[in-house]
Amino acid sequence: MDNITVSEWNEIIAKTLIPNIVILMIYVVLGTCGNILVLLVYSFQMKGSSDERYFIPILAVFDMVVTIYCGIFLIIQCFYTVTFTNNALCKTAQFFAGFTTFIPILLLLIIAVQRYLKVCVPNKPAMSLRVKRFALILTIVVSLVCAFPLPFVYGSIPFHSATYGITGTNCGKLKDGHQIARAVYAIVIGFLAVAMVTTLIVLYSKIGCVVVRQFKLNKLHSDQEEVRKSKKIIDNEEASDKGQNGGIQTPVTSDADSNISNTSLVKNHQITITGSKKRQKSNRRITHKLTIMFLVITLVFVLSYLPKVVLLIIEGLYDDFWEKLSNKERPGAFFIYEMFIINNIVNPFIYAFMDIKFRKKATVFLSRVLHCRF
């Protein structure tokens, strides 16, 4: 079957990419349903949540956008691998793919800064609402700036088959012209990627040190409290034994009443202090749990994007990398390239697993929905 048309060649490729298309459809369904659930739970069950969770619904919005947009765009590319002839559509699609992808990535950086201020600098004021909104606007602006050069980097390009001796058209990186611009863009994006990952590592390393240290202090305080309680029980038992053996009882006088009153005030003050300490301890525990949750989300981001970065580096080193892939190799390479979407679909599952409050509220919401439905 050496003499075939481009359309027939495209059909052969599309058939080999059916597993990728199915996986992308699963990504779209999971990412859409999961992030919609997050938004509904925060809208109806967790109204007015603390600043600890301020960025979660915002992140869910952009995760959902990336999942739907990039998932559908990649499915279209699977169906039109060598027949993507619309140059303007290719450039526009790549621009919005980059723009929507950059936003949730930069949001993770803002969240890391917020966690650092919350955990490592607790005595200073937390990130104010105005600062959060400014950070969100800055994220969108920076994403636009980063995505702006993409139409000059991507377009409809010739895609040659050595096996069939024909040439199709693919939506990919331009090979001719704008060499300096592409090189500068690649260097800048690479530098930003390295700087961001380094910043995330440094911030979460410092956060981790503080959390571990506070865990150790809490354990030490708990052990000391247990020892004090044990001593108090022993002292009370000894005092009780003395009283039963004819110990001297203090007569009740007005001074005694005064002492009792003072003792009561001291006890009430101690109860207030104890309650305040318990609240502080509870708030600190919630902060630590949410910080660990965001750390896991960031690790998933790094692991899901790393394979794509490796492929992009290989693609930069070998211009004909995708053209030389066989029909057996192409689905595997596409799967690795598409793994970045996992970053945008997994967050709701992390919330459900690690955020007890979200899990409870989501359970209540789903039970109400099912009750109304059936």
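Look up a bit, the structure's there.
One structure accompanies this document, and this report is about it.

What counts and what doesn't
- Residues numbered from 1 in each chain as written.
- Predicted model: local features only at pLDDT ≥ 70, side-chain atom pairs only at ≥ 80, totals over all residues.
- Heavy atoms only, no water.
- Helix = DSSP H or I, 4+ residues; strand = E, 2+ residues; numbered from the N terminus.
- Buried < 20%, exposed > 50% of the residue type's maximum accessible area, 1.4 Å probe, protein only.
- Contact = heavy atoms within 4.5 Å.
- Areas by Shrake-Rupley, 256 points an atom, 1.4 Å probe, with all protein chains shown as cover.
- Phe/Tyr/Trp six-rings, centres within 6.5 Å; stacked < 30°, edge-to-face > 60°.
- Lys NZ or Arg CZ within 6 Å of the ring centre and 35° of its normal.
- Axes fitted to C-alpha atoms, helices over the stretch in contact; angles between N-to-C directions.
- Parallel < 35°, antiparallel > 145°, perpendicular 65-115°, else oblique.
- Nonpolar A, V, L, I, M, F, W, Y, C, P; charged D, E, K, R; others polar.
- Pairing = 2+ DSSP bridges.
- Core = buried A, V, L, I, M, F, W, Y, C linked by side-chain atoms within 4.5 Å.
- Salt bridge = Lys/Arg side-chain N within 4 Å of Asp/Glu carboxyl O.
- Arc of directions from axis to C-beta.

Remarks on the overall build of the protein chain
Each helix and strand in the protein chain was counted, giving 12 helices and two strands. When the elements of the protein chain are put in sequence order from the N terminus, they spell out α-α-α-α-α-α-β-β-α-α-α-α-α-α. Buried positions account for 38% of the 374 residues belonging to the protein chain. Across the protein chain, every contact between residues at least 6 apart in sequence was considered, and the portion connecting residues at least 24 apart equals 81%. By element, 67% of the accessible surface of the protein chain is carried by carbon and sulfur atoms, the whole surface being about 22,200 Å².

Considerations on the packing of aromatic side chains
Evaluation of the coordinates by the stated rule reveals 14 aromatic pairs. Consider the rings of Phe 44 and Phe 365, whose centres lie 6.3 Å apart with planes at 10°: the pair is stacked. Taken together, the positions of Phe 44 in helix H2 (residues 18-44) and Phe 365 in helix H12 (residues 356-373) put the pair 321 residues apart, joining distant regions of the chain. According to the relative accessible area criterion, Phe 44 is exposed, its value standing at 54%. When the centroid spacing of 5.3 Å and the interplanar angle of 55° are considered together, the rings of Phe 301 and Tyr 305 count as tilted. One end of the pair is Phe 301 and the other is Tyr 305, both in helix H8 (residues 254-317) and four residues apart, which spans about a single turn. When its relative accessible area of 10% is taken as the criterion, Tyr 305 is described as buried. Here the aromatic residues Phe 321, Trp 322, Phe 334 and Tyr 337 are joined through ring pairs into a cluster of three or more. Here the guanidinium or amino end of Lys 308 rests over the ring plane of Phe 340, the centre of that ring lying 4.0 Å away.

Things to note about the packing of helix H1 (residues 6-16) against H2
As a packed pair, H1 and H2 sit with axes 4 Å apart at the nearest point and diverge in direction by 55°. In terms of axis orientation, H1 runs oblique to H2. Of H2, the residues touching H1 (which contributes Ala 14, Lys 15 and Thr 16) are Ile 18, Pro 19, Asn 20 and Ile 21. Considered class by class, the residues forming the contact of H1 with H2 number four nonpolar, two polar and one charged.

Details of the environment of Phe 321
For Phe 321, the location among the structural elements is in the loop between H8 and helix H9 (329-338). When its relative accessible area of 17% is taken as the criterion, Phe 321 is described as buried. If we ignore the near neighbours within four places in the chain, the residues touching Phe 321 are Leu 311, Ile 314 and Glu 315.

Re the pairing of strand E1 (residues 154-161)
Counting buried residues along E1, six of its eight residues qualify, which places the element largely inside the surrounding structure. Two elements, E1 and strand E2 (residues 166-173), share eight bridges in a ladder whose sense is antiparallel. Paired with Pro 158 across the strands is Thr 169, a residue of E2.

Some words on the nonpolar core
Core analysis: the largest hydrophobic core is formed by 77 residues, its most contacted members being Leu 107 and Trp 322. It is helix H4 (residues 87-120) that contributes the most residues to this core, 12 residues altogether. For Trp 322, the contacting residues outside a window of four places in its chain are Phe 159, Leu 311, Glu 315, Arg 330, Ala 333, Phe 334 and Tyr 337.

Observations concerning the environment of Ile 166
On the secondary structure map, Ile 166 appears in strand E2. Once the C-alpha coordinates of Ile 166 and Trp 9 are considered, the two residues, 157 residues apart in sequence, prove to be 8.9 Å apart. Among all residues touching Ile 166, those that are not within four sequence positions of it are Ile 4, Thr 5, Val 6, Trp 9, Phe 159, His 160 and Ser 161.

Considering the pattern of salt bridges
Summed over all chains, the structure comprises two salt bridges. The shortest N-O distance in the salt bridge between Lys 15 and Glu 11 comes to 3.8 Å. Placement of the pair is Lys 15 and Glu 11 together in helix H1, with a separation of four residues, close to one helical turn. Note that Lys 324 is salt-bridged to Asp 320, the shortest N-O span being 3.3 Å. On the accessibility criterion, Asp 320 (26% relative accessible area) is partly exposed.

Here's the deal with the environment of Leu 107
You can see Leu 107 is positioned in helix H4. Remark: the alpha-carbon pair of Leu 107 and Phe 55, spanning 52 residues in sequence, is separated by 7.9 Å. If we ignore the near neighbours within four places in the chain, the residues touching Leu 107 are Phe 55, Ile 58, Leu 59, Phe 62, Leu 136 and Thr 139.

What to know about H9
Here H9 has its buried residues at Arg 330, Pro 331, Ala 333, Phe 334, Tyr 337 and Glu 338. When H9 is viewed along its axis, its buried side chains cluster within an angular range of 165° and face the same direction.

Quick word on the side chain of Thr 101
For Thr 101, the location among the structural elements is in helix H4. Beyond its immediate sequence surroundings of up to four residues, Thr 101 is in contact with Val 66, Cys 70, Tyr 305 and Phe 340.

With respect to the packing of H2 against helix H11 (residues 347-354)
With their axes 8 Å apart at the nearest point, H2 and H11 run at an angle of 50° to one another. Here H11 runs oblique to H2, going by the angle between their axes. Note on element contacts: H11 touches H2 through Pro 348, Phe 349 and Tyr 351, opposite Leu 30, Gly 34, Asn 35 and Val 38. Of the residues contributing to the contact of H2 with H11, the split by class is five nonpolar, two polar and no charged.

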